[in-house]
Each structure stands twice: as C-alpha cells, then as structure tokens.
Amino acid sequence: FKFSPNGDLRDNVFLRILQDKHNNIWVSTESGVYVYDPYKEKFRRFDRITPENKKVEGVVSDMIADDDGDIWMAVEERGVFHYDIAKDELIFYSIPIVEDGMKMMSLCQDNNNRIWVCPYSRPFFLIDKRTKKVSEFNLKDDDHFLYEIGEVSDVLADQYNQLLLATSQKGLVS
C-alpha cells in the first residue's frame with residue numbers, strides 16, 4: 001500500500017478509517033469521506049447524494065460498518081448518513097441538534113441491528129435500520145447522573161447489548 005495524497009486530501013485531517021466488505025478503505029476527514037479502491041489504487045471523494053439532495057460534508061467524527069456491510073457516518077452539526085452498499089443508496093437521519101452545537105458523535109451497532117448515536121453531550125439517539133426511525137434515548141431520568149459522567153467520547157454495545165460509554169468524568173460507564 002502506497003499513499004501519495006493529492007488535491008484536497010493532502011491538507012486534510014484523517015479521523016476514522018475502516019474497510020468494507022469489498023476491501024475498499026473508507027477514511028473520514030474534517031471535510032467529508034474518501035474511499036480508496038485497492039484495485040484501482042485511487043482515492044475518490046464519497047459524493048453520493050440523498051433523495052433530499054443532502055451529501056456527506058463537514059467533520060465526519062465517526063464511521064462504522066454494520067453487520068450487513070453498510071456504512072454509517074456521523075457528521076458534526078448535521079446528523080447521520082447511512083450508505084446502503086447493496087442498493088447504492090444514501091439515507092440521511094436528522095438528529096436533533098443540542099444547544100452546544102452537537103460536536104463529536106460516536107456510533108455503534110447493537111445485537112438487534114440498531115445504531116446508537118451518542119453526541120458529545122446528551123441525549124443519545126437510537127436508529128432502527130428496519131423502520132428508519134430515530135428515537136431519543138435517555139440513560140436515566142436523572143440529570144445529576146448525566147452531568148456527573150461528563151462528555152461521552154465513545155460507545156460500544158457488548159455481547160449482552162449493554163452500552164459501555166467512554167466518558168470524561170467517570171471513565172468507563174455501563
């Protein structure tokens with residue numbers, strides 16, 4: 001693998017990287033997503049557009065591949081994009097913006113094939129891939145608890161579907 005960036009990739013900050021089921025390398029940056037095709041040995045900007053004319057641009061703070069091989073991208077101050085590779089379709093999920101501007105977001109998939117969206121500050125959101133519905137989810141009905149854990153920088157659903165949160169104030173919280 002030899003990487004010699006050109007154009008807008010050269011001056012970009014790489015945030016996340018993943019490999020899809022077709023061996024393409026996806027790279028999230030502060031200005032969108034790029035896909036490296038290992039067979040053509042070229043990067044290209046991911047430029048799909050939703051039916052509502054939305055595209056992935058801006059800071060892509062997290063990116064995951066789900067069990068079906070689809071790509072999910074969290075875009076700061078915008079929401080979440082889901083790229084269905086089999087259908088070559090891009091879907092946008094609007095996530096209500098929190099007062100401080102919804103900075104970094106973390107994504108994870110649980111054992112029920114749902115996507116958890118955890119902004120840097122609360123509340124959390126749950127996307128049901130089957131119904132395409134977004135639901136707000138509060139950890140506990142206790143604002144004091146939410147304040148104590150601080151910002152959430154990462155999230156993982158374990159084998160029991162329990163969420164593990166990497167937090168600024170309380171370390172790892174489940």
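Everything here concerns the structure above.
Residues numbered from 1 in each chain as written. Predicted model: local features only at pLDDT ≥ 70, side-chain atom pairs only at ≥ 80, totals over all residues. Heavy atoms only, no water.

> Before we go on, may I ask you to explain the nonpolar core in this structure?
One recurring pattern in soluble globular proteins: nonpolar side chains tend to sit buried together. Residues Trp-26, Val-33, Phe-46, Val-56, Ile-71, Met-73 and Tyr-83 are the most contacted members of the largest nonpolar core, which totals 16 residues. Within the residue set of this core, elements represented by two or more residues are β3 (32–37), β5 (60–65), β6 (71–75), β7 (79–84) and β8 (89–94). Of the residues forming this core, the biggest block, 3 residues, is contributed by β6. In contact with Val-56, not counting residues within four places along its chain, are Gly-32, Val-33, Arg-45, Phe-46, Met-73, Val-75, Phe-81 and Leu-90. Membership of the second largest hydrophobic core comes to 13 residues, among which are Tyr-93, Ile-95, Leu-107 and Val-117. (Core = buried A, V, L, I, M, F, W, Y, C linked by side-chain atoms within 4.5 Å. Buried < 20%, exposed > 50% of the residue type's maximum accessible area, 1.4 Å probe, protein only. Helix = DSSP H or I, 4+ residues; strand = E, 2+ residues; numbered from the N terminus. Contact = heavy atoms within 4.5 Å.)

> Looking at this model, I keep getting lost on the sheet that holds strand β15 (residues 171–173). Mind explaining?
Paired through their backbone hydrogen bonds, the strands of a sheet run either parallel or antiparallel. Read across the open sheet, the 3 strands follow the order β13-β14-β15; overall the sheet is antiparallel. Taken across any chain shown, the strands that pair with only one partner, and hence form the sheet edges, are β13 (152–157) and β15. The average undirected angle you get between the axes of adjacent strands in this sheet is 20 degrees. (Pairing = 2+ DSSP bridges. Axes fitted to C-alpha atoms, helices over the stretch in contact; angles between N-to-C directions.)

Distances and angles like these do not, on their own, reveal function.
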